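Below, each chain spelled out in residue letters.
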2 protein chains.
Amino acid sequence: MSVITFELLKESKDSLARLGKLYTPHGAVETPIFMPVGTQATVKAMSPEELVEVGSQIILGNTYHLYLRPGHELIERAGGLHTFMNWSGPILTDSGGFQVFSLSDLRKISEEGVEFRSHLDGSKHFFTPEKVMEIEMALGADIAMAFDECVAYPMEYEYTRQSTARTTRWAERCLKAHQKKDQTLFGIVQGGIFKDLREISARNLVSLNFPGYGIGGLSVGEPKSLMYEILEMTTPLLPAHKPRYLMGVGSPDCLIEGVIRGVDMFDCVLPTRIARNGTVFTWEGKVVIRNARYKNDFSPLDPRCNCYTCRNYSRAYLRHLFNVGEILGLRLTTYHNLFFLLQLMQEIRKAIAADSLLEFREEFFSRYLEKEKE
Amino acid sequence: MSVITFELLKESKDSLARLGKLYTPHGAVETPIFMPVGTQATVKAMSPEELVEVGSQIILGNTYHLYLRPGHELIERAGGLHTFMNWSGPILTDSGGFQVFSLSDLRKISEEGVEFRSHLDGSKHFFTPEKVMEIEMALGADIAMAFDECVAYPMEYEYTRQSTARTTRWAERCLKAHQKKDQTLFGIVQGGIFKDLREISARNLVSLNFPGYGIGGLSVGEPKSLMYEILEMTTPLLPAHKPRYLMGVGSPDCLIEGVIRGVDMFDCVLPTRIARNGTVFTWEGKVVIRNARYKNDFSPLDPRCNCYTCRNYSRAYLRHLFNVGEILGLRLTTYHNLFFLLQLMQEIRKAIAADSLLEFREEFFSRYLEKEKE
C-alpha cells in the first residue's frame, strides 16, 4: 500500500488527457501539474512563500546536486529536505540519473551501478540503485524516483536495448532497497526512441507494480514530433489509475501536447533558467526584456497576466533592472514565468473539465508564437 | 513653507539624542531612523513589500546612478521614482556629490560645477547645482539633497576651506533652482575634519534656512573618534526643530553614537553590502555565515531576532545557500541585516523615550563584539 494515492477524476473523450488528484503526506496536488525545480534545496531566486503565491503545489529536488552539496546526511540531520528548505508542501526527488549522465565526468557504467566524477571537484563517487535509495530516503521527499540510466539522443538500438533492460533490473533493486514508509517510489520507463524498447520497458515496470511512473529519456535533443510519438504509444501502456510523470519537460507547447498524450506531471528548469536570462513567457509568446525596444515601455510584461510582477512593474523597469544587473530583476521574471506556467496548467485542467482541451490548444497556439513577439 | 514638516517630540537630558517625526508627502517617519539604500531604483535583493516588513519607513535613491541608468528623464516619464520602483513610502535622493567624487574618473571642479567621466563607459558629463536640481526634481523624491563636494580624508586645510565655501555657494544656487512644490531640499554641512570650517559651513547653511540638514564628508576614512568629535560640535549649531541627516553611516555602533550626538537620519549600503558577502549582524556581533563552523548549526542566525529569516531558516541552510551561490541566500541575509538595523533604531527610539539611551548603549556594547563571535 503506497503512502500516496492517485484519484483519477476524469478521462477526456477526444484525447488521452486526464484530470486527477495526487494525495501525498504533505498535501494534495491537482493534476496535470507542473513542478518547479529546486535544484539545490531552493527554487532559484524564489522564497517558499512566493512559490505558493505563484501556484506551486509540488516542487522537485535534485538528488545528484543535494548529495554533493550539502550532502544527504546533513539534510537528514536537519530533519529532511522539507524542514531544511522551509517548504511544507509535497516534494519529489529525481534519481540523479539524468545528472550523472549529463553533468558528471568519466562515467563507468556496470551492472552494479555508475562510477562518476563530480562536476564540481572531480572527486570519485559510485551510485548504485541501493545508494540512490539511501540518499533519497535521507532527503525524505514525498516521492522518490528509481535510479535509471537516461540514454542520450541519438543512440544506437543495441546500446539502448541493453541499457533499458539494466534500468529495469535497477528498478527492481530500488524497490527492494526502498524502505521508507512515508515516501513513495516511482519507476522510470526508458527505451530511447525505439517503440519496441519503450513497450518492453513499460510492461516490465508495470509488472513491478510501482505506484507511479516517470517517463524518462525524452526531451534530450530529439525532434518534438518524435517525442510526441513515443509519448502517445507509451502512456496507454501504463495503468490508468497511476500518475505519469514526463521528466524534464516544461515549455508551454510541450506541456499542452504532453497532457493531450496522457501525462499528469512535468518538471523543467526552463521557466526559471530563461527568466534569469531575461526571457519571459507571455500569452502571445516570449519577450526578451533586455531588448532596447522596451526601454520606454511602461506597460506590464503581459497585460493578460495578473501576477505580482505584472500588477506592479513595467517592462521599462524590468529592462532597467536587467540592464544594471539587479537581483530583483531575476526575482520578478522568475516569479512571472512560474506563475505563467502554473496558470497555464490550471487553464489546461479547466479545459479538460469542460471537455474543451483541443479547442484550448488551438486557441493557445493561435496567439502564442515561439519566436519573440514583434 | 516646506512640504515636509519635522515635529521634535523629545530632547534627551543626558545626551544630544532627540525623538521626532518627519511628515512627508508619502507618509510619516519616526526619527531617529535608518534609511536603506536603493542605489539603482531597488534596494539590492529586496522587494518593496519586504522593505516594509523589515520596518523601512524611508529609503534612499542615488542621483548619480539613476542619472546614468536608466536616466532621470525616463524615470520622470514613468511617473517618478516612486511609481517606477513601486515604492509608495517616502524617498530621499542624494545629490550625486559623493559618487561624483568617489566613483567617477577625471573630475574637473570649477565654480560652475564638476565635469566628470562616467565610471561605466567613460562618457563625459557636467554636474552643476542647477543640473542636479533638474535631475532630482525629475526623480521626484520627497527629499532632495543640495549638490555638494564631499571632501576626501585626509585633506589639507586650505583646500577644505575653499571647497566648503564653494559648497555653500552651490547650496544657494540649488535653493534658487529648486522649484518643486511636493519636494523638500536639504542643505549639506561640509568642512572636513576642521571644526572652524564645520562651524562656518553650518552657520552659513542655517542662514539659508533649509528645512533640514545633511552632515556630509564624515565616515570617509577618518577615525571614528574624530567623526564623533566633529559630530558633537556640529549638531548643536543646527536648529533644534529641523532634521539632521548623517550621510553614509550605518554600522550599529555608529548609529548609536550618532543618535547620542543629535543625529535623526542615517543611510548606508553597509548592511545590504555585507549581507551579500554573507556577513550578518547579530546582537552578539557579526557572523560570517560561510564559515565552516556553521555547517551543522541548525540554530537561527540570531536566537534573539524575530525576523522572517531567523524564524524559518538555519545557519546550516544559509551557509549551504552561500556555498552553492544561490540568490535566496543573499535575500535572506539582506532581509535579516535590514531588520536588525531597523529594530536597533526602534530600540534606540524606545530608549530615548524612556530616558535610558546611555544605559542602552552600555548594555548593547557589553554584548556586541565588532569581531566575529567565537
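Procedures and definitions
- Residues numbered from 1 in each chain as written.
- Chains lettered and ligands numbered in written order.
- Predicted model: local features only at pLDDT ≥ 70, side-chain atom pairs only at ≥ 80, totals over all residues.
- Heavy atoms only, no water.
- Helix = DSSP H or I, 4+ residues; strand = E, 2+ residues; numbered from the N terminus.
- Expected span 1.5 Å × (residues − 1).
- Buried < 20%, exposed > 50% of the residue type's maximum accessible area, 1.4 Å probe, protein only.
- Axes fitted to C-alpha atoms, helices over the stretch in contact; angles between N-to-C directions.
- Parallel < 35°, antiparallel > 145°, perpendicular 65-115°, else oblique.
- Left-handed = near helix turned anticlockwise from the far one by under 90°.
- Contact = heavy atoms within 4.5 Å.
- Nonpolar A, V, L, I, M, F, W, Y, C, P; charged D, E, K, R; others polar.
- Buried area = accessible area lost by both parts, 1.4 Å probe.
- Salt bridge = Lys/Arg side-chain N within 4 Å of Asp/Glu carboxyl O.
- Pairing = 2+ DSSP bridges.
- Right-handed = clockwise from strand over helix to strand, strands pointing away.
- Least-squares fit on C-alpha atoms with pLDDT ≥ 70 in both.
- Patch = residues over 30% accessible without salt bridge, like charges linked within 9 Å, V, L, I, M, F, W, Y side chains within 5 Å.
- Areas by Shrake-Rupley, 256 points an atom, 1.4 Å probe, with all protein chains shown as cover.
- Lys, Arg positive; Asp, Glu negative; His and termini not counted.
- Charge placed at Lys NZ, Arg CZ, Asp CG, Glu CD.
- pLDDT = per-residue confidence, 0-100.

J.: In this structure, what is going on with helix H7 (residues 157–177) of chain A? I would like to understand it.
T.: Helix length check: H7(A) (21 residues) gives 30 Å between terminal C-alpha atoms against 30 Å at 1.5 Å per residue, within 8%. Of the positions making up H7(A), those classed as buried are A:Thr160, A:Ser163, A:Thr164, A:Arg166, A:Thr167, A:Thr168, A:Trp170, A:Ala171, A:Arg173, A:Cys174 and A:Ala177.

J.: Is there a simple way to explain the packing of helix H13 (residues 315–323) of chain A against helix H14 (residues 327–353) of chain A in this structure?
T.: Helix-helix packing is characterised by the crossing angle of the two axes and by the distance between the axes. Residue and element names in this part refer to chain A. Closest axis-to-axis distance for the H13/H14 pair is 7 Å, and the angle between their directions is 130°. The orientation of H13 with respect to H14, classified from their angle, is oblique. Read as a crossing pair, H13 and H14 show a hand that is left-handed. In this structure, H13 contributes Tyr317, Leu318, Leu321 and Phe322 to the contact, and H14 contributes Leu328, Gly329, Leu330, Leu332 and Thr333. Of the residues that constitute the contact of H13 with H14, the class distribution is seven nonpolar, two polar and no charged.

J.: Any chance you could explain the interface of chain B and chain A here in plain terms?
T.: Accessible area lost upon the coming together of the parts is a frequently used measure of interface size. Opposite the 36 residues of chain B that make contact, chain A presents 36 residues. Interface area for chain B against chain A, summed over the two sides, is near 3200 Å², with a carbon-plus-sulfur share of 55%. Here chain B and chain A share four salt bridges between them. Of the charged contacts in the structure, one is a salt bridge between A:Glu50 and B:Arg331, with a shortest N-O distance of 2.8 Å. At the level of elements, helix H1 (48–53), helix H3 (72–77), helix H4 (81–85), helix H12 (308–312), helix H13 (315–323) and helix H14 (327–353) of chain B are the ones that each hand at least two residues to the side of chain B that touches chain A. Residues of the side of chain B that touches chain A, tallied by class, amount to 19 nonpolar, eight polar and nine charged.

J.: In this structure, what is going on with the pairing of strand E12 (residues 184–189) of chain B? I would like to understand it.
T.: Residues and elements named next belong to chain B. Most of E12 sits out of view: six of its six residues are buried. A two-sided burial pattern is seen for E12, the buried positions comprising Thr184, Phe186 and Ile188 on one face and Leu185, Gly187 and Val189 on the other. Of the strand pairs in this sheet, strand E11 (residues 143–145) and E12 are connected by three bridges, and their pairing is parallel. Bridging from a neighbouring strand, Ala144 pairs with Leu185 of E12. Here E12 pairs with strand E13 (residues 213–215) via three bridges, running parallel. When the bridges of E13 are listed, Gly187 appears paired with Tyr213. A crossover connection joins E12 to the parallel E13 through helix H8 (residues 195–207); in handedness this β-α-β unit is right-handed.

J.: Hey, could you run me through the environment of A:Arg331 in this one?
T.: In this structure, A:Arg331 sits in helix H14. Beyond its immediate sequence surroundings of up to four residues, A:Arg331 is in contact with A:Ala45, A:Glu50, B:Ala45, B:Met46, B:Ser47, B:Glu50 and B:Arg331.

J.: Whenever I open this one, the relation of the copies chain B and chain A confuses me. Can you help?
T.: Relating the two copies of this chain is a rotation about some axis coupled with a shift parallel to it. Superposition record for chain B on chain A: RMSD 0.0 Å, screw rotation 180°, translation along axis 0.0 Å. Interpreted geometrically, this transformation is the action of a two-fold axis. Among all residues of chain B, the minimum C-alpha distance to the rotation axis is found for B:Ile327, at 3.9 Å. Taken as a fraction of all interface residues of chain B, those also at the interface in chain A reach 100%, which identifies the copy contact as same-surface.

J.: Help me out: how do you make sense of a negative patch on the surface in this one?
T.: On the surface, A:Glu49, A:Glu53, B:Glu49 and B:Glu53 cluster together into a patch of negative charge. Counting only elements with at least two residues in the negative patch, the list comes to helix H1 (48–53) of chain A together with H1 of chain B. Its location among the elements puts A:Glu53 in helix H1.

J.: Would you take a moment to explain the sheet that holds strand E9 (residues 114–117) of chain B for this structure?
T.: Within a sheet, adjacent strands bond to each other through the backbone by hydrogen bonds, running parallel or antiparallel. Residues and elements named next belong to chain B. The strand order across the open sheet built from three strands is E8-E9-E10, with neighbouring strands paired in antiparallel fashion. Looking at the sheet topology across the chains shown, the edges are occupied by strand E8 (105–109) and strand E10 (124–127). Taken over all neighbouring pairs, the strand axes of this sheet differ in orientation by 15° on average, direction set aside.

J.: What is the right way to read the confidence of the model for chain A from this model?
T.: Interpreting fine coordinate detail is not advised for predicted regions of low pLDDT. The share of residues in chain A with pLDDT of 70 or more is 99%, and the mean pLDDT across the chain is 96. In the predicted assembly, ipTM is 0.97 and pTM is 0.98.

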